[in-house]
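# Descriptive analysis of the structure
Chain by chain, the residues:
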Amino acid sequence: MQQQYLLNTKKRKSKAHFWNGKDTVCKMWSTGGMNQRRDGYVILAEHHGKEICNMCRINAGKPNE
Ligand SMILES: [Zn+2]
């Protein structure tokens, strides 16, 4: 399956997160670590040069990606 990313296009310094179809892999989305009502969140097939969230990389077993 193609990797998907959740990122906020309106927040310049925000990071991209791996998206598993329901939640970020770091669980920040479902646990309230991110403001879901904030404008600009999109799910995309690429991270557009944004840095990937550390917790997402560790949880996905891709610490160097
Ligand atoms: Zn994350």
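Keep in mind that this is a model prediction, so the values were computed, not measured. (Residues numbered from 1 in each chain as written. Predicted model: local features only at pLDDT ≥ 70, side-chain atom pairs only at ≥ 80, totals over all residues.)

### A closer look at the overall build of the protein chain
Within the protein chain one finds one helix and three strands. At 11 Å, the protein chain has a C-alpha radius of gyration in line with the 11 Å of a compact globule built from 65 residues. Once the C-alpha set of the protein chain is aligned to its principal axes, its extents read approximately 30 × 25 × 20 Å. Counting across all 65 residues of the protein chain, residues that qualify as buried make up 18%. Restricting the contact set of the protein chain to residue pairs at least 6 apart, pairs at least 24 apart contribute 62%. (Helix = DSSP H or I, 4+ residues; strand = E, 2+ residues; numbered from the N terminus. Rg over C-alpha atoms; globule rule 2.2 N^0.38 Å. Buried ≥ 20, exposed ≤ 12 C-beta atoms within 10 Å, placed from the backbone. Contact = placed C-beta atoms within 7 Å.)

### Considering the sheet that holds strand β2 (residues 17-19)
Pairing between the strands of a sheet comes from backbone hydrogen bonds, and it takes one of two forms, parallel or antiparallel. Across the sheet, three strands lie side by side as β2-β1-β3; this open sheet has antiparallel pairing. Of all the strands in the sheet, the pair left with one neighbour each is β2 and β3 (41-44). The sheet shows a mean angle of 35° between the axes of neighbouring strands, taken without regard to direction. Two strands pair when backbone bridges link them, and strand β1 (residues 4-8) and β2 are joined in this way by three bridges, in the antiparallel orientation. Bridge pairing links Q4 to W19 in β2. (Pairing = 2+ DSSP bridges. Axes fitted to C-alpha atoms, helices over the stretch in contact; angles between N-to-C directions.)

### Quick word on the environment of M55
Within the fold, M55 resides in helix α1 (residues 54-59). Separated by 44 residues in sequence, M55 and K11 place their C-alpha atoms 19 Å apart.

### With respect to the pairing of β1
The pairing of β1 with β3 spans four bridges and is classified as antiparallel. If you follow L7 over to β3, its bridge partner there is V42.

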